[in-house]
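# A look at the structure
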Amino acid sequence: MNWEEIVGQEKLIATLKDAIDKQRVSHAQLFIGEEGFGVLPLALAYAKEILKKENDNAAQKVEHLNHLDLHFSFPVFTEKNNSLSQRLFEDFRKMILENPYSSINDWNDILDAQNKQFLISADEVDALNQKFSLKSFEGGTKILIVWRVDKMNVTAANKFLKFLEEPPKNTILLLLAEKIDNILPTILSRCQAVEVPRIDDESIAESIKTHFEISDEKLREIVHQSQGNYNTALQLLNSDETSDEFESLFIDWVRNAFMAKKKPEVLKNIVFWGRNISSWNREKQKSFLDFCSEMFRLALLQNYDASNLVYKKLNKNGFNWEAFTNFIHGANIVDILEEISTADLHLYRNANAKIVWTDLGIKLTRYIHRSA
């Protein structure tokens, strides 16, 4: 991964380059941000630059993820008592070479793991300790990139803490996490934090226009929906069919919510609606929740005369977008978005999806008729 291939993040790239030039590279750094913000691409380019300073021939090896002094650890599911990531490294390598902005959900889909638990285990940390007790192959720095260190279980984290406190000589640890909530405070205190912000809209738009043929209208829609996440932008580029499905289901939800006040019998339609969605994989369910949040947000903007900011309007199956937006206002938007956020949290915690979607579906019938 070259610095030039990273989408946006110019200020952060300059900071990392400066640290290398001034030989101020901390032995343990924690990159915090969503995968789609470029956390892994930044770490790869950083590692490449460090190793390249020691040996010009290192660059090509890092680009192909086969440098013998660049090691990776990442979450996997346990199979036949084997929880080591090395057994799945070729799959991981292929995913990252194809798209370094890939997410943990992409990783789950590639392995078709369904509901298996992904984690970094104590056995994985033991294997890392053994690997890093050996001398480097090229006689210089050894680098470990831990992708999604926040997926490390407690036992593994405690073992990793010892590794962090007394790292082998000439070792650099680059830890990557989406959030710090599930990371031991003692680990956090021993790492230099590197906050990776969302990518600016201009950089995402420029990258998409460079690599894809796309209309200005579609580009504007994707940039807005991606919310600074390049991986999301790439998925949206190939999701026309999914987008149509999401639009239809959102419209069905809103229409049934409207009718429920006068025709309670339509609540059964919401129950069936929820059952249908609950059969999807978790990532698709989450994407639909994000879609719903965005549609309600755009409806609010439309209602409050900020139509210049409304990049997408729904009109599928005769849906009256303008009439719908009159019902989304300051008196109900907060409750609606909070319910969607709560549903997202419950799904993340493996709650019963049928119950989550049915509950969310019915609650809209209360909020949508609330007076402004």
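Here's a quick rundown of the structure.

### Focus on the overall build of the protein
Looking only at helices and strands, the protein features 17 helices and five strands. Relative to the 2.2 N^0.38 estimate, which gives 21 Å for 372 residues, the radius of gyration of the protein is 23 Å and therefore close to what a compact globule would have. By principal-axis analysis of the C-alpha atoms, the protein measures approximately 75 × 45 × 35 Å. Here the protein holds 372 residues, and the buried ones make up 51% of them.

### Overview of the pairing of strand β3 (residues 142–147)
Among the six residues in β3, six count as buried, and that is most of the element. Side chains Lys142, Leu144 and Val146 of β3 all project onto a buried face; the interleaved residues Ile143, Ile145 and Trp147 project onto the opposite face, where all are buried too. One ladder, built from four bridges, connects strand β2 (residues 70–73) with β3; its direction is parallel. Bridge pairing in β3 places histidine 71 opposite leucine 144. Relative to strand β4 (residues 171–177), β3 runs parallel, the two sharing six bridges. Directly across from isoleucine 143, in β4, lies its bridge partner isoleucine 172. The parallel pair β3 and β4, bridged by helix α7 (residues 154–165), forms a crossover whose chirality is right-handed.

### Looking at the packing of aromatic side chains
Under the definition given, this model contains 29 aromatic pairs. Seen from their ring centres, phenylalanine 250 and tryptophan 253 are 6.3 Å apart, and the 85 degrees between their planes marks the pair as edge-to-face. With phenylalanine 250 and tryptophan 253 both in helix α12 (residues 240–259), this residue pair falls three residues apart, about one helical turn. Exposure class is identical for phenylalanine 250 and tryptophan 253. Each is buried. With a centroid separation of 6.4 Å and an interplanar angle of 15 degrees, the aromatic rings of phenylalanine 288 and phenylalanine 291 are classed as stacked. Taken together, the positions of phenylalanine 288 and phenylalanine 291, both in helix α14 (residues 282–303) and three residues apart, correspond to about one turn of that helix. Taken as a pair, phenylalanine 288 and phenylalanine 291 share a single burial class, namely buried.

### Considering the environment of isoleucine 333
One can find isoleucine 333 in helix α16 (residues 333–348). Sequence-wise, isoleucine 333 and alanine 299 are 34 residues apart; in three dimensions their C-alpha atoms are separated by 9.6 Å. Setting aside its immediate chain neighbours within four residues, isoleucine 333 contacts Phe296, Leu300 and Ile328.

### Focus: the sheet that holds β3
The strand order across the open sheet built from five strands is β2-β3-β4-β1-β5, with neighbouring strands paired in parallel fashion. Strands at the two margins of the open sheet, each flanked by one partner only, are β2 and β5 (192–195). Pairs of neighbouring strands in the sheet enclose a mean axial angle of 20 degrees, with direction left out of account. Relative to β4, strand β1 (residues 28–32) runs parallel, the two being bridged by five bridges. Looking across to β4, one finds that glutamine 29 is bridged to leucine 174. Strands in contact with helix α6 (residues 122–132) are β2, β3 and β4; relative to β3, the strand with the most contacts, it is inclined by about 170 degrees.

### Focus on the packing of helix α13 (residues 267–278) against helix α17 (residues 353–367)
A pair of packed helices is captured by two measures, namely the crossing angle of their axes and the spacing between those axes. Two numbers describe how α13 lies on α17: the axes approach to 8 Å, and their chain directions differ by 140 degrees. Here α13 lies oblique to α17, going by the angle between them. When the axes of α13 and α17 are compared, the crossing they make is right-handed. Residues Leu267, Ile270, Val271, Trp273, Gly274, Arg275, Ile277 and Ser278 of α13 form the contact with α17, whose own contacting residues are Ala353, Lys354, Trp357, Thr358, Gly361, Ile362 and Thr365. The class makeup of the residues in the contact of α13 with α17 is eight nonpolar, five polar and two charged.

### Details of helix α5 (residues 104–111)
Among the residues of α5, those classed as buried are Ile104, Asp106, Trp107, Asn108 and Leu111. Looking at the buried positions of α5, the neighbouring elements they touch are α4 (89–98), β3 and α11 (230–237). Positive backbone phi, approximately 50 degrees, marks aspartate 112, located one or two places after α5.

### Considering the pattern of salt bridges
Between side chains of opposite charge, a pair can form when the charged atoms approach closely. Scanning the model with the defined rule gives 19 salt bridges in all. Note that aspartate 290 and lysine 286 form a salt bridge whose closest N and O atoms lie 3.4 Å from each other. You can see aspartate 290 and its partner lysine 286 sitting in helix α14, four residues apart, about one turn around the helix. Here glutamate 339 ties to lysine 363 by a salt bridge, and the two come within 3.2 Å at their closest N and O atoms. Of the two residues, glutamate 339 is situated in helix α16 and lysine 363 in helix α17; the sequence distance between them amounts to 24 residues. Classification of lysine 363 by relative accessible area gives buried; the value is 18%.

### Quick word on unusual backbone geometry
Although it is not a glycine, leucine 65 adopts a positive phi angle of roughly 55 degrees. Along the chain, leucine 65 turns up in the loop between α3 (58–63) and β2. For leucine 65, a relative accessible area of 7% puts it in the buried group. Phi at lysine 80 takes a positive value of approximately 55 degrees, unusual for a residue other than glycine. Secondary-structure assignment places lysine 80 in the loop between β2 and α4.

Cut-off values and rules
Residues numbered from 1 in each chain as written. Predicted model: local features only at pLDDT ≥ 70, side-chain atom pairs only at ≥ 80, totals over all residues. Heavy atoms only, no water. Helix = DSSP H or I, 4+ residues; strand = E, 2+ residues; numbered from the N terminus. Rg over C-alpha atoms; globule rule 2.2 N^0.38 Å. Buried < 20%, exposed > 50% of the residue type's maximum accessible area, 1.4 Å probe, protein only. Pairing = 2+ DSSP bridges. Right-handed = clockwise from strand over helix to strand, strands pointing away. Phe/Tyr/Trp six-rings, centres within 6.5 Å; stacked < 30°, edge-to-face > 60°. Contact = heavy atoms within 4.5 Å. Axes fitted to C-alpha atoms, helices over the stretch in contact; angles between N-to-C directions. Parallel < 35°, antiparallel > 145°, perpendicular 65-115°, else oblique. Left-handed = near helix turned anticlockwise from the far one by under 90°. Nonpolar A, V, L, I, M, F, W, Y, C, P; charged D, E, K, R; others polar. Salt bridge = Lys/Arg side-chain N within 4 Å of Asp/Glu carboxyl O.

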